[in-house]
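Here is how the chains run, residue by residue.
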Amino acid sequence: MARITPFTSPLLLGFDAMEKTLERIAKGNDGYPPYNIERIRGDESSGEQERLRITLAVAGFSEDDLDVTTEENQLIIRGRQSESGERDYLHRGIAARQFQRMFVLADGMLVSKAELKNGLLSVDLIRPEPVRMVKKINILVPE
């Protein structure tokens, strides 16, 4: 049975890369670390614009153990703790494994800041107002 995807419409041209990205993200995220995404309203009086905040629970990770990057239209957050062989655990319930969490960003989304506080990594995203662009296409008529 053939699989029909929403990107097979003849009206959606050039979205095959988006489909591949969605498939990769669906397979790649295993739920660790847990995260929240929230919308923070802007304050017009101070000129602060609306933003999105992604908050990841990264207990036990330090600033040096975390890496936040953007690559093309993806936000990639990686964590890797260095193991010290000096500890002898009787019970280990706090995960110390490495992770990679990816988020696809819409065109124009920018990371404004990343902050680590009380075991929570918060990454703020803003979307500057898009510039409306209209381009006239000349029609060639061969003689």
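Within any chain, residue numbers begin from 1 and follow the written order of that chain's sequence. Totals for whole chains, interfaces and linings use all residues, but because this is a predicted model, local features are given only for residues with pLDDT of at least 70 and pairs of side-chain atoms are given and counted only at 80 or more. To get the side-chain values, take all heavy atoms of the structure and skip hydrogens and water.

Colleague: I would appreciate a short explanation of the sheet that holds strand β1 (residues 35-40) in the present structure.
Modeller: Strand pairing in a sheet takes place through backbone hydrogen bonds and is either antiparallel or parallel in direction. In this analysis, strands are considered paired if DSSP registers two or more bridges between them. By the criteria applied, helices consist of DSSP H or I runs no shorter than four residues and strands consist of E runs no shorter than two, each listed in order from the N terminus. Taken together, the four strands give an open sheet; going across it, the order is β1-β2-β7-β6, and neighbouring strands pair in antiparallel fashion. Each edge of the open sheet is held by one strand with a lone partner, namely β1 and β6 (110-117). Direction aside, the axes of adjacent strands within the sheet are offset by 20° on average. For strand β2 (residues 51-57) and strand β7 (residues 120-126), the ladder comprises seven bridges, and the chain directions are antiparallel. Across the sheet, the residue bridging to T55 is S122, located in β7. Axes, fitted as lines to C-alpha atoms, cover a helix only where it is in contact. Angles between the N-to-C directions of the axes lie from 0 to 180 degrees.

Colleague: For this particular structure, what's the right way to read the packing of aromatic side chains?
Modeller: The relative placement of two aromatic rings is captured by the distance of their centres and the angle of their planes. Note on aromatic contacts: the rings of Phe and Tyr and the six-membered ring of Trp form a pair at centre separations within 6.5 Å, being stacked when their planes are under 30 degrees apart, edge-to-face when over 60 apart, and tilted otherwise. On inspection of all chains with the given rule, the structure shows three aromatic pairs. When the ring of Y35 is compared with that of F103, the centres are 5.2 Å apart and the planes differ by 85°; the resulting orientation is edge-to-face. Of this pair, Y35 sits in strand β1 while F103 sits in strand β5 (residues 99-104), and the two are 68 residues apart along the sequence. In this structure Y35 comes out as partly exposed when scored by relative accessible area, which is 37%. Centroid distance F61 to F99: 5.4 Å. Interplanar angle 80°. Geometry classified as edge-to-face. One end of the pair, F61, is in the loop between β2 and β3 (66-71); the other, F99, is in strand β5, with 38 residues separating them in the sequence. What links up through ring pairs into an aromatic cluster is the set Y32, F61 and F99. Taking the ring centre of Y32 as reference, the NZ or CZ of R97 above it sits at 4.1 Å. Throughout this description, buried means an accessible area under 20% of the type-specific maximum (1.4 Å probe, protein chains only), exposed means over 50%, and partly exposed covers the range between. As a reminder, the over-ring test applies to NZ of lysine and CZ of arginine, requiring each to be within 6 Å of the ring centre and within 35 degrees of the ring normal.

Colleague: Would you explain the pairing of β3 in this entry?
Modeller: A regular strand places its side chains on the two faces of the sheet in alternate fashion. With six bridges connecting them, β3 and strand β4 (residues 74-79) associate as antiparallel partners. What sits directly across from T70, in β4, is L75. Between the antiparallel neighbours β3 and β4 lie two residues, among them E72 with a positive phi of about 55°.

Colleague: What's the story with the pairing of β6 in this structure? I'm lost.
Modeller: Across seven bridges, β6 lies against β7 in antiparallel orientation. Bridging from a neighbouring strand, K113 pairs with D124 of β7. As consecutive antiparallel partners, β6 and β7 are separated by two residues, and within that stretch N118 has a phi angle of approximately 55°, a positive value.

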